[in-house]
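The lines below spell out each chain.
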Amino acid sequence: MATTRPARTIDSVLDELKTLAAISEADPPVVTRVVFSEADLRARAYVKGLCADAGLEVTEDAIGNTFARWQGIEPELAPVGTGSHIDAIPNAGLYDGCVGVLGGLEAIRVLQKLEFRPRRSIELVIFTAEEPTRFGIGCLGSRMMANVLTPTQARKLTDKEGRSLEQLRTQAGFVGALESVALPAERFHQFIELHIEQGPLLEQEGIDLGLVTHIAAPASVRILIEGEGGHAGGKLMPGRKDALTAAAELILALEAAAKSSGAIDTVATVGVCEVFPGAVNSIPSRVRLETDVRDIDRARRDRILDALQEACNDVATRRRVAISTELVNADPPATCDPAILAALEHSAQAAGKSHKKMVSRAYHDSLFMARIAPVAMLFIPCRGGVSHRPDEYASPEWIGSGVHVLSRTLAMLAG
Ligand SMILES: [Zn+2]
């Protein structure tokens, strides 16, 4: 870019973030914006209006993924994409996702103000339902774009009230064939997502920007243990088939497997433990566990899943209980593209912003975009690492740095 003087101030994007946050199912400062709710639709209309004001060409697909294109000099070339999501879990804050959407739009407007003319088009993407709140599955829009979730699988999704995805999306005005959502690998040349870190490292270390090299991916396994109940006094220890003590062994086995993986990036958690009948004087006859295993290396993560299965077999035999497992999902982790990372690094240096390479331990739409395009993510700090809470906060300076470096990088990549 020809100049380093700020083309626009960050104030307008802060105002837009606040306006978007006020479009919520809950009272301020709480942001709740569940996909296809009235608030979600109003928020979409607001953002689409901003895109149209910036002269972008706005289109939507059959699931509501929204594309706002700034036409390049060679419009037949695949565009460089940027963007994120605007849905928010119940009781959330105003930065998760929205910084990537409104910050991405601002990055485009900065380039327009500088009278930059991109060779490739630059396209802002607003993904439908990154959060799993309504349909129990995260990254719905990007999953379908990458065809990781097929139209047949999508048609089976319902919300807690039993309303189908089909019913809800058509009511929201998205009526095309779900088969048209999946995109070919050549649709995007490259893709960058700007996002708050949702962890404490950048703030703690006083670093402006995180350049994400890998996006960790979760695998989730449900485990059902069936033993034998009975009176806590009457049934003596030798004959017991206690489902909860069996579960305790599995929980510890999973922890041990993760700790001994040899990598700090391996994490495993048992976040759900339901005990039946759940009475103090009754031996647990049934326990349901839900586990989450994550890593940036798929083979290493899958070895933990294998160790968990072995522990299930072993505990079932020794304790004479029945254990069944169900693999709920096992998405592959993503490795970010070295060329985009190099462009981000160059832009950060040119802008005088400190930066470090890091791993994204939460997953994002970029995890699925990585299946169809080279991707990278750009993190800005968030106060205390707090996210998914109303007190989530990113300072104007942090947002400004992110937007500035994103705009320089988009300019480099779009040429
Ligand atoms: Zn997010």
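Residues numbered from 1 in each chain as written. Predicted model: local features only at pLDDT ≥ 70, side-chain atom pairs only at ≥ 80, totals over all residues. Heavy atoms only, no water.

Visitor: What exactly am I supposed to notice about the pattern of salt bridges here?
Guide: Pairing between side chains of opposite charge can happen when their charged atoms approach one another. Evaluated as defined, the whole model comprises 32 salt bridges. With a shortest N-O distance of 2.6 Å, R187 and E123 are connected by a salt bridge. One end of the pair, R187, is in the loop between α6 (165-171) and β7 (190-196); the other, E123, is in strand β6 (residues 122-127), with 64 residues separating them in the sequence. Taking the relative accessible area as the measure of exposure, R187 reaches 22% and is therefore partly exposed. Between D265 and R361 there is a salt bridge, with the nearest N and O atoms lying 2.7 Å from each other. (Salt bridge = Lys/Arg side-chain N within 4 Å of Asp/Glu carboxyl O. Helix = DSSP H or I, 4+ residues; strand = E, 2+ residues; numbered from the N terminus. Buried < 20%, exposed > 50% of the residue type's maximum accessible area, 1.4 Å probe, protein only.)

Visitor: Before we go on, may I ask you to explain the coordination of the zinc ion in this structure?
Guide: Any two of four tetrahedral donors ideally make an angle of 109.5 degrees at the metal, while pairs among six octahedral donors ideally make 90 or 180 degrees. All of the protein donors around the zinc ion are H85 (NE2), D96 (OD) and H195 (NE2); their distances to the metal are 2.0 to 2.2 Å. In the primary sequence, the donor residues of the zinc ion line up as H-x10-D-x98-H. Note that D96 is positioned in the loop between β5 (88-92) and α3 (98-113) and H195 in strand β7, a separation of 99 residues in sequence. (Donors = N, O, S within 2.8 Å, 3.2 Å for Na, K, Ca; no water.)

Visitor: Explain the pairing of strand β17 (residues 375-380) here, please?
Guide: Most of β17 is tucked away: six of the six residues are buried. Neither face of β17 is open: one carries V375, M377 and F379, the other A376, L378 and I380, and all of them are buried. One ladder, built from six bridges, connects β7 with β17; its direction is parallel. From the neighbouring strand, L194 faces β17, where its bridge partner is L378. As paired strands, strand β8 (residues 209-215) and β17 are joined by three bridges and run antiparallel to one another. The partner of V212 across the bridge, within β17, is M377. (Pairing = 2+ DSSP bridges.)

Visitor: Looking at this structure, I do not really get the sheet that holds strand β14 (residues 322-330). What am I missing?
Guide: The strands making up a sheet associate through backbone hydrogen bonding, with each pair oriented either parallel or antiparallel. Read across the sheet, four strands follow the order β11-β13-β9-β14 without closing on themselves; strand pairing throughout is antiparallel. Every interior strand has two partners, whereas the edge strands, β11 (267-276) and β14, have only one. Each neighbouring strand pair of the sheet contributes to a mean axis angle of 15°, computed without reference to strand direction. Two strands pair when backbone bridges link them, and strand β9 (residues 217-226) and β14 are joined in this way by eight bridges, in the antiparallel orientation. Directly across from R222, in β14, lies its bridge partner E326. (Axes fitted to C-alpha atoms, helices over the stretch in contact; angles between N-to-C directions.)

Visitor: Please clarify how unusual backbone geometry should be interpreted in this entry.
Guide: Leave glycine aside and you will find that most residues have negative phi; peptide bonds, for their part, are mostly trans. The amide bond that connects P28 to the next residue, P29, takes the cis arrangement and shows omega of 5°. In this structure, P29 sits in the loop between α1 (11-22) and β1 (31-33). A positive phi is found at Q198, a non-glycine position, where the angle reads about 60°. On the secondary structure map, Q198 appears in the loop between β7 and α7 (201-205).

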